[in-house]
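What follows is the residue order along each chain.
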Amino acid sequence: MTGAVVALVCVGVSILFLLFAGNKEADRARDRATGAWSRVVPLIREGHLSPVLLEGRVEAIQVLNAHGQAVASTRQLVGKPPMATFLPSSSSVRAAQVMCPPAGLKGCMTVVAYKVYQPDGIWPLYVAVPTVPWYGDGTALLLAVGVSLVVTTMMTAWVFRDLTKVVTPMNAIRTELAEITATQLDRRVPVPPYGRYSDLKRLAETVNDTLDRLEGAYKQLRQFTSDASHDLRSPITAMRVHLDDALMYPRETDWPKMTKEVLAGLDRLQAIVTDLLTLARLDAHAPLSREVTDLSALAAAEVERRAYRVEIVKNLQPNVLIDCDRLRITRVLVNLLDNAERHATSQVVVSVRAEGPMAILEVVDDGAGVAPEHWERVFERFTRLDASRDRDSGGTGLGLAIAREIAEAHGGTLAIQDSERGARFVLRVPAHRAVSPA
């Protein structure tokens, strides 16, 4: 492609050059004809005209008298008829025609006719010069063709060399990417050095950064799948053991007790599946059904909806309005209350307040708390901590992860903050902005 473009440019430049050379050569031919005219006319007027004239720098010269008879000519036209018969128009003393050939000569030539005024009438003077082609002469044509070929070859070779240098690292990147599979996500594409490859280097670094994120996401997915499989398998295995024992020893089985144990396993299994489906919908960024909601009233209603094994202290500022999906924000509150109840010693404090453009919900328990190095880990899916906050104590290990996903879907945050005792979970979501009537 580059060679073709360079060739087209060279062709255009060569044509312009040849047109210029042709014009210059045509000017020189006219100058030679004018020189012959200026040399012969004085001889005619002074009466010193010789029958045989010198050619000079033209091909042929011929002078006719007023009766059309040749009275002087260059050597090749001696004794021959007039080479041309045309005359300039009445308003001009010069005219030119291309004749192939002029009488008495060979080949195509440009014949220039002049009118010389004599006492007995007009004497025609004919001067023959070589016809100049549009490109000038063969030397200019060969020069243009040669330079075009050299320039096209050099530019093509130069571009090919540079493209080869660029394509080589690009091919290395492409080859490495083609060989990366799900089992080789630790591999990275080669990064070329800076300099002329700065753009390609940035591309390779971006690809490697993407592979880093992909590897991290794949590891997280693999860990999540492993943990989910384990958590689903545990209640299924327990229920199967109970049912197998009951079938093997039907007479010795306490059927009501066994049924309660199987139902408890089914409840746990259903809770895990429900949480997994909720996470799947959150990961798919399902749209929210937003409506203006009083966060304090929502928290009060959820606290009063059921009985807790510990004391629930409410510290709710009225009229804290937010735009939210009520069901999902309720799920956040339920998950935080369930988590706090499992780990509280005797009391859980629920607070709601407005703070600038944000609405704040805090759930604080008086349990053992969470070590600062684990403040982020508790929001990971199926995270295992020490026994005091092990999910096997009643949770699925997904509640806090779901709560944070819902908070972020509402443009807010959920985090653990410092507290004197226990764990302090703080939810921040944008407050509702009332629009005043105009």
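Just so you know, these numbers come straight off a predicted model, no measurement behind them.

Student: I tried to follow the state of the cysteines on my own but got confused; where do I start?
Tutor: Throughout this description, disulfide means a covalent bond between two cysteine sulfur atoms. Considering all chains together, one arrives at one disulfide under this definition. In this model, Cys-100 is linked to Cys-108 through a disulfide, with the two sulfur atoms separated by 1.9 Å. With the S-S bond torsion at 120°, the cross-link from Cys-100 to Cys-108 turns out right-handed. Exposure remark for Cys-108: the relative accessible area of 44% places this residue in the partly exposed category.

Student: What exactly am I supposed to notice about unusual backbone geometry here?
Tutor: Excluding glycine, most residues fall at negative phi; most peptide bonds, likewise, are trans. Note that the residue after Cys-100, namely Pro-101, is joined by a cis bond; omega there is -10°. Secondary-structure assignment places Pro-101 in the loop between strand S4 (94–99) and strand S5 (109–118). A positive phi angle is found at Asn-319, which is not glycine, with a value near 55°. Relative to the elements of secondary structure, Asn-319 occurs in the loop between strand S8 (311–316) and strand S9 (321–325).

Student: How should the sheet that holds S4 be read in this particular structure?
Tutor: Sheet strands associate in pairs through backbone hydrogen bonding, adopting either a parallel or an antiparallel arrangement. Read across the sheet, six strands follow the order S1-S3-S2-S6-S5-S4 without closing on themselves; strand pairing throughout is mixed. The sheet is open, and its two borders are formed by strand S1 (52–53) and S4, each paired with just one other strand. Judged from the ten bridges that link them, S5 and strand S6 (residues 121–130) form a sheet pairing that is antiparallel. Residue pairing across strands places Lys-115 opposite Pro-124, the latter belonging to S6.

Student: I tried to follow the pattern of salt bridges on my own but got confused; where do I start?
Tutor: According to the stated counting rule, one finds 14 salt bridges in the structure shown. Here Arg-306 ties to Glu-341 by a salt bridge, and the two come within 3.9 Å at their closest N and O atoms. Of the two residues, Arg-306 is situated in the loop between helix H5 (295–305) and S8 and Glu-341 in helix H6 (residues 326–343); the sequence distance between them amounts to 35 residues. Among the residues examined, Glu-341 registers a relative accessible area of 16% and is labelled buried. Residues joined by salt bridges that share partners form a network here, namely Arg-353, Glu-355, Glu-362, Arg-424 and Arg-428.

Student: Honestly, H6 in this entry has me stumped. Any pointers?
Tutor: Residue pairs three or four apart in sequence face the same way in an α-helix, which turns once every 3.6 residues. Between the first and last C-alpha of H6 there are 26 Å, a value that for 18 residues agrees with the 26 Å anticipated at 1.5 Å per step. For H6, the full list of buried residues reads Arg-328, Ile-329, Val-332, Leu-333, Val-334, Asn-335, Leu-336, Leu-337, Asn-339, Ala-340, Glu-341 and His-343.

Student: Teacher, can you tell me more about the side chain of Arg-328 here?
Tutor: Here Arg-328 is to be found in helix H6. One buried charged side chain, Arg-328, makes no salt bridge at all; its nearest oppositely charged neighbour is Asp-325, positioned 4.1 Å away. Filtering out sequence-adjacent residues up to four positions away, Arg-328 remains in contact with Leu-282, Ala-286, Pro-287, Leu-288, Ile-406 and His-410.

Student: Whenever I open this one, the UniProt feature "transmembrane region" (unreviewed entry) in the protein confuses me. Can you help?
Tutor: Taking the UniProt record as the reference, the feature "transmembrane region" (unreviewed entry) is found at residues 6–22 and 140–160. Within residues 6–22, the helical portion is 100% and the strand portion 0%, while the C-alpha atoms at the span's ends are 24 Å from each other. Secondary structure over residues 140–160 splits into 100% helix and 0% strand, and the C-alpha atoms at its two ends are 30 Å apart.

Student: Where do I start with the pairing of strand S10 (residues 347–355) in this structure?
Tutor: Consecutive residues of a regular strand have side chains that alternate between opposite faces of the sheet. Looking at chain direction, S8 and S10 are connected through six bridges and run parallel. Across the sheet, the residue bridging to Leu-316 is Val-352, located in S10. As defined by bridge partners, S10 adjoins strand S11 (residues 358–365) across eight bridges and the pair is classed as antiparallel. Pairing of Arg-353 across the sheet is with Ile-360, part of S11. Here S10 folds back onto S11, and the loop between the two strands holds two residues, one of which, Gly-356, carries a positive phi near 65°.

Student: Would you mind going over the side chain of Gln-118 with me for this structure?
Tutor: Mapped onto the elements of the fold, Gln-118 is located in strand S5. Judged by its relative accessible area of 18%, Gln-118 falls in the buried class.

Student: I would appreciate a short explanation of the nonpolar core in the present structure.
Tutor: Across soluble globular proteins, nonpolar side chains have a tendency to be buried as a group. Counting 45 residues, the largest nonpolar core has Leu-295, Leu-337, Val-348 and Val-350 as its most contacted members. Element by element, the count of residues in this core is highest for H6, at six residues. Here this core spans two domains, and each of domain 2 (183–286) and domain 3 (291–430) adds at least three residues to it. When neighbours within four sequence positions are excluded, Val-350 is seen to be in contact with Ala-299, Val-303, Ile-312, Val-313, Lys-314, Asn-315, Leu-316, Leu-337, Leu-361 and Glu-362. Counting 18 residues, the second-largest nonpolar core is a separate cluster that includes Val-41, Leu-53, Val-63 and Ala-72.

Student: Just checking my understanding: could you explain the packing of helix H4 (residues 255–283) against helix H7 (residues 399–409) for this structure?
Tutor: Helix-helix packing is described using two parameters, namely the angle between the two axes and the distance between the axes. For the pair H4 and H7, interaxial distance at closest approach is 10 Å and the crossing angle is 25°. Taken together, the axes of H4 and H7 lie roughly parallel to each other. For the element pair H4 and H7, the recorded crossing hand is left-handed. Residue-level contacts link Asp-275, Thr-278, Leu-279, Leu-282 and Asp-283 of H4 to Ala-401, Ile-402, Glu-405 and Ile-406 of H7. Residues of the contact of H4 with H7, tallied by class, amount to five nonpolar, one polar and three charged.

What counts and how
- Counting starts from 1 at the beginning of each chain's written sequence and moves along it residue by residue.
- With the structure being a predicted model, the display of local features is reserved for residues of pLDDT at least 70 and the display and counting of side-chain atom pairs for 80 or more, all residues being used for whole-chain, interface and lining totals.
- For the side-chain quantities, the full set of heavy atoms in the structure was used; hydrogens and water were omitted.
- In this description, a disulfide is simply a cysteine sulfur pair whose atoms lie within 2.5 Å.
- For every residue, the accessible area obtained with a 1.4 Å probe (protein chains only) is divided by the maximum for its type, and the residue is called buried under 20%, exposed over 50%, and partly exposed between those limits.
- A helix here means a DSSP run of H or I that spans at least four residues, while a strand means a run of E at least two residues long, and both kinds are numbered starting from the N terminus.
- Here a strand pair is declared whenever DSSP counts at least two bridges between the two strands.
- A carboxyl oxygen of Asp or Glu within 4 Å of a side-chain nitrogen of Lys or Arg is what we treat as a salt bridge.
- Here the expected span of a helix is defined as 1.5 Å times the quantity of residues minus one.
- Only four residue types enter the charge count: Lys and Arg as positive, Asp and Glu as negative, with His and the chain ends excluded.
- Any two residues whose heavy atoms approach within 4.5 Å are treated as being in contact.
- UniProt positions are given in the numbering used here, feature names are shortened, and annotations may be inferred rather than shown by experiment.
- The definition of a nonpolar core used throughout is a set of buried Ala, Val, Leu, Ile, Met, Phe, Trp, Tyr and Cys residues joined through side-chain atoms within 4.5 Å.
- Residue ranges for the domains trace back to a domain assignment, done automatically or taken from a database.
- Where helices are involved, their axes are fitted lines through C-alpha atoms of the stretch in contact, as for all axes, and angles between N-to-C directions lie from 0 to 180°.
- Under this scheme an angle from 65 to 115 degrees is roughly perpendicular, one under 35 degrees roughly parallel, and one over 145 degrees roughly antiparallel; angles in between are oblique.
- Note on convention: near helix rotated counterclockwise from far helix by under a right angle means a left-handed crossing. Clockwise means right-handed.
- Note on residue classes: Ala, Val, Leu, Ile, Met, Phe, Trp, Tyr, Cys and Pro are nonpolar, Asp, Glu, Lys and Arg are charged, and everything else, Gly too, is polar.

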